[in-house]
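Breakdown of the fold
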Amino acid sequence: MIYKRSSALFAQAEKVIPGGVNSPVRAFKGVGGTPIFVKEAKGAYLYDEDGNRLIDYINSWGPMILGHAYKPVVNAVIEKAKKGTSFGMPTEIETEIAELAVSMVPNIDKIRFVNSGTEACMSAIRLARGFSGKDKIIKFAGCYHGHSDSFLIEAGSGASTFGTPNSPGVTKGTAKDTLLARYNDIENVTQVIEANKNEIACIIIEPVAGNMGCIPPKKGFLQALRALCDANQILLVFDEVMTGFRLAKGACQELFGVHADIVCFGKVIGGGLPVGAFAARSEIMNYLAPQGPVYQAGTLSGNPLAMAAGLAMLTALDNDADVFKRLEDKTAYLHKGMAKALNENNIEHTINRIGSMISVHFSKDEVVDFETAAKGNNEIFKKFFHGMLKAGVYIAPSAFETWFLTDALSYQDLDFTIAAIADVAKTL
Ligand SMILES: *Cc1c(COP(=O)(O)O)cnc(C)c1O
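Residues numbered from 1 in each chain as written. Predicted model: local features only at pLDDT ≥ 70, side-chain atom pairs only at ≥ 80, totals over all residues. Heavy atoms only, no water.

A look at the pattern of salt bridges
The criterion, for reference: Salt-bridge detection follows one rule: a side-chain nitrogen of Lys or Arg within 4 Å of a carboxyl oxygen of Asp or Glu. Numbered from the N terminus, helices here are DSSP runs of H or I no shorter than four residues, and strands are runs of E no shorter than two. Only protein chains enter the accessibility calculation, which uses a 1.4 Å probe. A residue is then buried if its area is under 20% of the maximum for its type, exposed if over 50%, and partly exposed in between.
For the structure shown, the criterion picks out 20 salt bridges. Of the charged contacts, one joins Arg-281 and Asp-261 as a salt bridge, the two residues approaching to 2.9 Å between their closest N and O atoms. With a gap of 20 residues between them, Arg-281 in the loop between strand E12 (276-280) and helix H9 (282-285) and Asp-261 in the loop between helix H8 (251-256) and strand E11 (262-265) connect regions that are remote in the sequence. The exposure class of Arg-281 is partly exposed, given its relative accessible area of 26%.

Below, the structure is given as structure tokens:
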């Protein structure tokens, strides 16, 4: 495939946009080469500026769960746009989508809409701090909660010591309130809590991790976290920006039967427009301004176009009793085909999958946390990525990303993908 026009567009972009992109992971730094510029997309396919067709396994990093240019979403946005695009005043559709979200997700009474997953997580921990009157938070190494200061923290010398910022611009003062723990390691979380008794406002976690590849929680891990939180008056925050409305209607709370105190959403909830949200029971949500003292606001929050897209998306998912099963079946089919192709070519690998999230790590060891995820062979991944791209299959340009399947994928698309994996595997 030829990428002449994409390369030229990237060179032009680099002159006026830092690194040529508006979000770093798009820049192909992890795999080399220059990013592909998209012209349009429909269903399971991307069409790039050089006229190539690619089967898409990123799907805007999750939102396009029913495929690109999904008719009901597109139509809802067009109809709304004709009536004005923003008012800064309440609109009925905000209540409609709030009612639907609250009806689909267990254990939440109220929801506040924002413009991104970053905003949702940032606001959720402010609310947790305001509600609990405590300052510290625990996050897990390898979990991503957006780019706000409190979350850009790495482990330092030990999980119970203060974190150090991993981006210039994050102050030591902010970093000292973020404690790190190891994913899937309840002993470690217990130690961090013990070392910081009565100081921890919340634990924030991706209940299925998706930002170090796909890492499901070990059996009982989330239940144990819930128990630890209850015993220590700590709020449990599920960051379901990735998993929300993807793994089940009620997402991980439903899937694992574990209640969270605050839940964050993004990606699917906006149907491809910039939307995030956070939700909780009334007692907690009533702490938010204007009802309560914790301030949070947004000029474009609850924007009518974004709400129309989100409402059309959630309505489609709510009305389709089989959608999550269909997605899971397609992903299981891909899993089986990929494992066979890699095994036949003696490529050491580990595939993790849950529902429509799947990832492959080129390492023979079990992948359960950031440390084990980082053991994957990145040179093999790079070759794999570029081989798949050449074959017309677009996977995320980083070994630490999950693949997100869309219901628009046909079994022919999956067979094509598996055949491409088999071909590429011969070259690894
Ligand atoms: C994508 C993501 C975010 C950040 O959402 P943005 O809309 O990119 O700001 C937060 N948490 C998780 C789990 C994510 O996957």
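More follows now that the structure is in view.
What about the site of the ligand?
Applied cut-off: Neighbouring residues are identified by heavy atoms, a residue being near a molecule or strand if any of them is within 4 Å of it. What qualifies as a polar contact is a pair of N or O atoms within 3.5 Å, subject to a donor-acceptor requirement within protein and to the restriction that residues adjacent in sequence count only when both atoms come from side chains. Here the Shrake-Rupley method, with its probe set to 1.4 Å, supplies the accessible areas, and only the displayed protein chains count as covering residues. Asp, Glu, Lys and Arg are counted as charged, while Ala, Val, Leu, Ile, Met, Phe, Trp, Tyr, Cys and Pro are counted as nonpolar; the rest, among them Gly, fall into the polar class.
Taken together, the residues surrounding the ligand are Ser-116, Gly-117, Thr-118, Tyr-144, His-145, Gly-146, Glu-206, Asn-211, Asp-239, Val-241, Met-242 and Lys-267. Between Asn-211 and the ligand, the recorded distance is 3.2 Å, taken from a side-chain N or O atom to an oxygen atom. For the ligand, whose accessible area on its own is 380 Å², the fraction buried by protein is 83%. A breakdown of the residues in the shell around the ligand according to their chemical character gives three nonpolar, six polar and three charged.

So, empty space enclosed by the protein
It is a probe the size of a water molecule, rolled over the atoms, that shows where empty space is left. Stated formally: Any residue with an atom within 4 Å of a point lines the site, the site being either a cavity, points on a 1 Å grid over the protein atoms alone where a 1.4 Å probe fits but cannot get out, or a pocket, an open set with protein on both sides within 12 Å along at least 5 of 7 lines. Grid points are joined across faces, edges and corners, and a volume is the space filled by probe spheres set on the points.
Applying the stated rule across the entire model yields one cavity of 30 Å³ or more. Empty space within the largest cavity amounts to approximately 40 Å³. Contributing to the lining of the largest cavity are Ser-359, Val-360, Phe-381, Ile-395, Ala-396, Ser-398, Ala-399, Glu-401 and Trp-403. Here the lining of the largest cavity is composed, by residue class, of six nonpolar, two polar and one charged.

Here we look at the nonpolar core
A general feature of soluble globular proteins is that nonpolar side chains tend to end up buried together. How we decide: Within this scheme, the nonpolar core is defined by two criteria: the residues are buried Ala, Val, Leu, Ile, Met, Phe, Trp, Tyr or Cys, and they are joined through side-chain atoms within 4.5 Å.
Within the largest apolar cluster, 70 residues are counted, with the highest numbers of intra-cluster contacts made by Phe-140, Ile-203, Phe-245 and Leu-317. The element best represented in this core is helix H10 (residues 304-318), accounting for 10 residues. Judged by nonpolar contacts, the second largest core, of 41 residues, contains Ile-351, Phe-384, Ile-395 and Ala-425.

A closer look at the sheet that holds strand E15 (residues 393-394)
Let me state the cut-off plainly: At least two DSSP bridges between two strands are needed for those strands to be called paired.
Reading across the sheet, the four strands line up as E1-E2-E3-E15 and stay open at both edges, with mixed pairing between neighbours. In the strand order of this sheet, the two ends are held by strand E1 (38-42) and E15, each with one partner. Where strand E2 (residues 45-48) and strand E3 (residues 53-56) come together, three bridges link them in antiparallel fashion. Its bridge partner lying in E3, Tyr-47 is registered against Arg-53.

Side note on the sheet that holds strand E13 (residues 350-354)
Across the sheet, which stays open at both edges, the three strands sit in the order E13-E14-E16 with antiparallel pairing between neighbours. At either end of the open sheet lies a strand with only one pairing partner, and these are E13 and strand E16 (403-404). Where strand E14 (residues 357-361) meets E16, two bridges bridge the pair, whose relative direction is antiparallel. What sits directly across from Ile-358, in E16, is Trp-403.

Overview of the domain arrangement of the chain
Convention followed: Note that domain bounds follow an automatic or database assignment of domains. We call two residues contacting when some pair of their heavy atoms lies within 4.5 Å. Buried area: the accessible area, evaluated with a 1.4 Å probe, that two parts lose upon being put together, summed over both parts.
Under the domain assignment used here, the chain contains domain 1 (4-69 + 322-425) and domain 2 (71-319). With centres defined by C-alpha atoms, the gap from domain 1 to domain 2 works out at 25 Å. Contacts between the two partners involve 28 residues from domain 1, matched on the other side by 33 residues from domain 2. Interface of domain 1 and domain 2: buried area, both sides summed, is about 2,400 Å²; carbon and sulfur atoms make up 69% of it.

Examining the packing of aromatic side chains
Put simply, the rule is: What counts as a ring pair is set by centres within 6.5 Å for rings of Phe, Tyr and Trp (its six-membered ring), and what kind of pair is set by the plane angle: stacked under 30 degrees, edge-to-face over 60, tilted for all other angles.
Across all of its chains, the model carries 13 aromatic pairs by this definition. Ring geometry for Phe-28 versus Phe-385: centroids 5.2 Å apart, planes at 90°, classification edge-to-face. Taken together, the residues Phe-28 in the loop between helix H1 (4-16) and E1 and Phe-385 in helix H13 (residues 378-391) connect sequence positions 357 residues apart. Its relative accessible area of 1% is what places Phe-385 among the buried residues. Grouped by ring-pair contacts, the aromatic residues Tyr-57, Phe-362, Phe-384 and Trp-403 constitute a single cluster.

Notes on the packing of helix H11 (residues 323-344) against helix H14 (residues 411-425)
What counts here: Think of each axis as a best-fit line through the C-alpha atoms, taken over the contacting stretch in the case of a helix, with angles from 0 to 180 degrees between the N-to-C directions. For classification purposes, an angle smaller than 35 degrees is called roughly parallel, one larger than 145 roughly antiparallel, one from 65 to 115 roughly perpendicular, and anything else oblique. By convention, the crossing between two helices is left-handed when the near helix turns anticlockwise from the far helix through less than a right angle, and right-handed when the turn is clockwise.
Orientation of H11 relative to H14, taken along the N-to-C sense of each, is 20°, at an axis distance of 9 Å. With respect to each other, H11 and H14 are oriented roughly parallel. The two elements H11 and H14 meet at a crossing, and its hand is right-handed. For the pair H11 and H14, contact is made by Asp-329, Lys-330, Tyr-333, Leu-334, Gly-337, Met-338, Ala-341 and Leu-342 and by Tyr-411, Leu-414, Asp-415, Thr-417, Ile-418, Ile-421, Ala-422 and Ala-425, respectively. For the contact of H11 with H14, the residue count by class is 11 nonpolar, two polar and three charged.

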